[in-house]
Amino acid sequence: MEITMIFMVSGVLMLLSSSANAQAVGSPLLSPTPAPAPAPDFVNLTDLLTVAGPFHTFLNYLESTKVIQTFQNQANNTEQGITIFVPKDEAFSSLKKPSLTNLTQEQLKSLILFHALPKYYALADFKNLSVANPVSTFAGGQYALNFTDVSGTVHIGSGWTSTKVTSSVHSTDPVAVYQVDKVLLPEAIFGTPPPPAPAPAPTPDIAPVADAPTSLTRDGSSPKSSPTKSSSYRIMSWGVLNYLVLAMSGGLILFW
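Below is a summary of the structure that appears in this document. Bear in mind that the values here come from a model prediction, so they are computed numbers and not experimental data.

Thoughts on the packing of aromatic side chains
This structure, assessed with the given rule, holds ten aromatic pairs. Aromatic side chains F114 and Y143 sit 6.0 Å apart centroid to centroid with 65° between the ring planes, which places their arrangement in the edge-to-face category. Residue F114 is located in the loop between α6 (105-113) and β2 (116-117), and its partner Y143 is located in strand β4 (residues 140-150); the two are separated by 29 residues in the primary sequence. On the accessibility criterion, F114 (1% relative accessible area) is buried. Classification of Y143 as buried rests on a relative accessible area of 12%.

Let's talk about α6
Within the sequence span of α6, burial applies to L108, S110, L111, I112 and L113. Along its buried surface, α6 packs onto α3 (56-64), α4 (67-77), β2, β3 (135-137), β4 and α8 (187-190).

Some remarks on the packing of α3 against α6
At their nearest, the axes of α3 and α6 sit 10 Å apart, and the two run at 125° to each other. With respect to each other, α3 and α6 are oriented oblique. For α3 against α6, the interelement crossing comes out left-handed. Together, F58, Y61, L62 and S64 of α3 and Q105, L108 and I112 of α6 make up the contact between the two elements. Of the residues contributing to the contact of α3 with α6, the split by class is five nonpolar, two polar and no charged.

Some thoughts on the sheet that holds strand β1 (residues 82-87)
Across the sheet, which stays open at both edges, the seven strands sit in the order β2-β1-β7-β6-β5-β4-β3 with mixed pairing between neighbours. Taken across any chain shown, the strands that pair with only one partner, and hence form the sheet edges, are β2 and β3. Summarising the sheet, strand β6 (residues 162-172) and strand β7 (residues 175-180) pair through six bridges and their orientation is antiparallel. Across the sheet, the residue bridging to T172 is V175, located in β7.

What counts and how
- Residues numbered from 1 in each chain as written.
- Predicted model: local features only at pLDDT ≥ 70, side-chain atom pairs only at ≥ 80, totals over all residues.
- Heavy atoms only, no water.
- Phe/Tyr/Trp six-rings, centres within 6.5 Å; stacked < 30°, edge-to-face > 60°.
- Helix = DSSP H or I, 4+ residues; strand = E, 2+ residues; numbered from the N terminus.
- Buried < 20%, exposed > 50% of the residue type's maximum accessible area, 1.4 Å probe, protein only.
- Contact = heavy atoms within 4.5 Å.
- Axes fitted to C-alpha atoms, helices over the stretch in contact; angles between N-to-C directions.
- Parallel < 35°, antiparallel > 145°, perpendicular 65-115°, else oblique.
- Left-handed = near helix turned anticlockwise from the far one by under 90°.
- Nonpolar A, V, L, I, M, F, W, Y, C, P; charged D, E, K, R; others polar.
- Pairing = 2+ DSSP bridges.

Here it is as structure tokens:
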């Protein structure tokens, strides 16, 4: 009886061991799931432009036209990111013609949208971007910019404006903010810029007047200057006086 029980327990253990081995062989090894990529840091454009700069004038326009909401959404809720060109306060204060005071609210909004590209660009990317000129901005197809890379310095042309990137305020994907020294003025608002004033003509060099050549007489000597009126009068007076003396002398001889 005891032997029978031993055989039964041994059989059960063998069956359990076989089942466990079958599951171990049949189940594949699972690779660990990679950790998700960390989300980019949230960039608050209002805080960034308030601390840097001074960019108070540009920030005021961003808020009054509500363009700040468009830029903020593009910066943090899209894969493309955003690139913004921000003029300093003195760029607005030095702007005389054309003036921004006569713009409508819609034109002003387009002007501010004109200062951004709907994609993140590092400074090194502008060398290749210049091949794609003109590049559309947030304001639409009519509002395009031309880029030129000159020895690592990014130059920007808008028709009315020729400026360059003077410093990088923030450049971490997906947000790039670059400082420029002039306000970008689009032709779609202000029309074709007037031609530049012609350069003044150079003053011709006036050579000094040379002395007139002196003509020589037949014997090689310089001709004598003609006598003046007073000299001729003296010569005539002496001639008359000599004539009178000779006449008186002749009369005396005859008298004797």
